[in-house]
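Here are the chains, one letter per residue:
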Amino acid sequence: MAALEKIHILKFRNLSDQYFTPDKATNLIIGKNGQGKTNLIESLYYLGHGRSFKTKNLKDIVPFDDHQIQITAIVDGQKISLNKTREKSQVVVDGKKIPSNSFLSQLLPIQIISPDRGFVVGGVPKLKRSYLDWGVYHDNENTLKTYAAFKKTLKNINTLLNNGEQTQLDEWLVFLATLSVEITKDRFAYIASLSTVLKENKSKEFSSLVESPFDFIFKLQAGWPKEIDPLNEQKIISYLFNNKKTLMKTKHLNSGPHRANIDFSLDGQGENYLSRGEQKKMSFVFWMLQVLELVKNKKKPIVLIDDISSELDEIKIKSIIDFLTDIEVQIFMTDIGNNKLPLKEEKSTSFSIENGVITRF
């Protein structure tokens, strides 16, 4: 089980030299707007992913008049130190530098749902792929090399197309087709696993979140035209070869796993026809399914929920907290504090945050 035992945020946005020992179960951080609640959630996400969910620019998260961010934590007895400047990024685990964020993600699997990141149901395809591939990776860590190879291959193809060069293009297109099938197989398998988890837990886990019975369906759109079988390598190769002239004109490859999407529906209604409230609820269901899938595979993530009461009513909040408490994952959630949340006192600790200063109640 992944669990943060001690946290030291030396420099991150308005958080400076903040040290606290979280509860192994539920941690509630209360504060008014602009005090640093989301910054804290963002810093924990950064520690597990090596990047922010809010911005790509380091300057946005570096404290004023400084040039770096620094976060240190003890995770299951191991010390993780993250130091990032505009020039370099360094992550050290028990005194040893790690070569990539993938090892960090394995050590510290962090799942988040936040209004700043957006909700997966009704969200843009890029967000859906992000949630999907986070789950695929943690479900099967061997996929990481495939994703990295695909990213490099796609970059090379787009460079050739942009420069109008056909030398070696066929070779790269064949390689991309092979990688595409591998990625799509893993995505389909993961979606099938989530559907099974939903079927097994529908009545028990989600009864107070969604009215039962309900028919929640999610289907992967692989990113290729509908007439192309995304699991048939030769069909993909033929499609790419037959459309080389078009690719040379557009100067980029606009089909493939990098264009994949998930189509959601609830009781026969497509996600775009669902109300905003229904989209939120089903986003939480999809997110909870991912947590259940990890737990089933004996990998318990750390869960981050930002500004929970602004998105859900008390009954649904209780349902989510009870669900996460029952499966014994560590939770960090923030709230403005206008209403008392239904927490179990023996399994939770509350903190206040004001002007970036974290204090235990």
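Residues numbered from 1 in each chain as written. Predicted model: local features only at pLDDT ≥ 70, side-chain atom pairs only at ≥ 80, totals over all residues. Heavy atoms only, no water.

Caption draft 1: Looking closely at the packing of helix H8 (residues 276–296) against helix H9 (residues 314–326). Contact pair H8 / H9: the axes reach a minimum separation of 12 Å and the direction vectors enclose 5°. When the interaxial angle is binned, H8 and H9 end up roughly parallel. Every residue of H9 that contacts H8 at Lys281, Phe284, Trp287, Met288, Val291 and Leu292 is listed here: Lys316, Ile320, Phe323 and Leu324. When its residues are assigned to classes, the contact of H8 with H9 shows eight nonpolar, no polar and two charged. (Axes fitted to C-alpha atoms, helices over the stretch in contact; angles between N-to-C directions. Helix = DSSP H or I, 4+ residues; strand = E, 2+ residues; numbered from the N terminus. Parallel < 35°, antiparallel > 145°, perpendicular 65-115°, else oblique. Contact = heavy atoms within 4.5 Å. Nonpolar A, V, L, I, M, F, W, Y, C, P; charged D, E, K, R; others polar.)

Caption draft 2: Fine view of H9. Compared with the 18 Å implied by 1.5 Å per residue over 13 residues, the 18 Å span of H9 between its first and last C-alpha is a close match. For H9, every residue scored as buried is listed here: Lys316, Ile317, Ser319, Ile320, Ile321, Asp322, Phe323, Leu324 and Thr325. Glu328 lies just past H9 and shows a positive phi near 60°. (Expected span 1.5 Å × (residues − 1). Buried < 20%, exposed > 50% of the residue type's maximum accessible area, 1.4 Å probe, protein only.)

Caption draft 3: Local environment of unusual backbone geometry. Positive phi, normally seen in glycine, also occurs at Asp267, with a value near 50°. Locating Asp267 in the fold gives a position in the loop between strand E10 (261–266) and strand E11 (269–270). The class of Asp267 is partly exposed, set by a relative accessible area of 48%. Positive phi, close to 50°, is recorded for Asn355, a residue that is not glycine. By the element assignment, Asn355 lies in the loop between strand E14 (348–354) and strand E15 (357–360). Residue class for Asn355 comes out exposed when judged on its relative accessible area of 58%.

Caption draft 4: Here's a closer look at the environment of Ala222. Its location among the elements puts Ala222 in the loop between strand E9 (216–221) and helix H6 (233–242). Each C-alpha atom of the pair Ala222 and Val121 lies 17 Å from the other, and the pair is 101 residues apart in sequence. Excluding its chain neighbours within four sequence positions, the residues that come into contact with Ala222 are Thr184, Pro230, Gly256, Pro257 and Ala260.

Caption draft 5: Looking closely at the sheet that holds strand E7 (residues 96–97). Pairing in this open sheet of six strands is antiparallel, and the strands run E2-E1-E4-E5-E6-E7 from one edge to the other. Only two strands of the sheet have a single neighbouring strand rather than two, namely strand E2 (15–20) and E7. Note that strand E1 (residues 4–12) and E2 share five bridges and pair antiparallel. Across the sheet, Phe12 pairs through a bridge with Leu15, a residue of E2. (Pairing = 2+ DSSP bridges.)

Caption draft 6: Up close: the packing of aromatic side chains. Counted according to the given criterion, the structure contains 12 aromatic pairs. Taken together, a centroid distance of 5.3 Å and an interplanar angle of 65° make the contact between Phe216 and Phe218 edge-to-face. The class of Phe216 is buried, set by a relative accessible area of 5%. The class for Phe218 is buried, based on a relative accessible area of 4%. Note on Phe218 and Phe286: the rings are 5.4 Å apart at their centroids and 80° apart in plane angle, and the pair reads as edge-to-face. Here Phe286 lies in helix H8 and Phe218 lies in strand E9, a separation of 68 residues in the sequence. Judged by its relative accessible area of 0%, Phe286 falls in the buried class. Above the face of the Tyr131 ring, Arg117 is positioned so that its terminal group lies 4.4 Å from the ring centre. The ring of Phe241 carries the charged tip of Lys244 above its face, separated from the ring centre by 5.2 Å. (Phe/Tyr/Trp six-rings, centres within 6.5 Å; stacked < 30°, edge-to-face > 60°. Lys NZ or Arg CZ within 6 Å of the ring centre and 35° of its normal.)

Caption draft 7: Here's a closer look at the sheet that holds E10. Spatial ordering of the open sheet is given by E9-E10-E11, a layout of three strands whose pairing is antiparallel. Each having just a single partner strand, E9 and E11 make up the two edges of the open sheet. Alignment of E10 against E11, held across two bridges, turns out to be antiparallel. Pairing of Ser265 across the sheet is with Gly270, part of E11. Where helix H3 (residues 125–139) meets the sheet, it contacts E9 and E10, and its direction lies at approximately 95° from that of E10. Contacting E9 and E10, H8 runs over the sheet at an angle of about 70° to E9.

Caption draft 8: Main features of the side chain of Ser265. With respect to the secondary-structure elements, Ser265 resides in strand E10. Residue Ser265 is classed as buried on the basis of its relative accessible area, which comes to 17%. Each residue touching Ser265, except ones within four places of it in the same chain, is listed here: Asp215, Phe216, Ile217 and Gly270.

Caption draft 9: Spotlight on the pairing of strand E4 (residues 68–75). Pairing geometry for E1 and E4, over six bridges, is antiparallel. Along E4, the bridge assignment pairs His8 with Thr72. Across eight bridges, the pairing between E4 and strand E5 (residues 78–85) is antiparallel. Note that in E5 the partner of Gln68 across the bridge is Thr85. Where E4 folds back on E5, the antiparallel hairpin that results is connected by two residues, among which Asp76 adopts a positive phi of roughly 50°.

Caption draft 10: Seen up close, the nonpolar core. By size, the foremost hydrophobic cluster in this structure holds 72 residues, and its most contacted members are Phe216, Phe218, Trp287, Ile305 and Leu324. Ranked by residues supplied to this core, first place goes to helix H5 (residues 169–205) with 12 residues. Residues in contact with Ile305, not counting those within four places in the same chain, are Ile41, Ile113, Trp287, Ile320, Leu324, Ile331, Phe332, Met333 and Thr334. In terms of nonpolar packing, the next biggest core, distinct from the first, is built from 38 residues, Leu15, Leu47, Ile71 and Ile80 among them. (Core = buried A, V, L, I, M, F, W, Y, C linked by side-chain atoms within 4.5 Å.)

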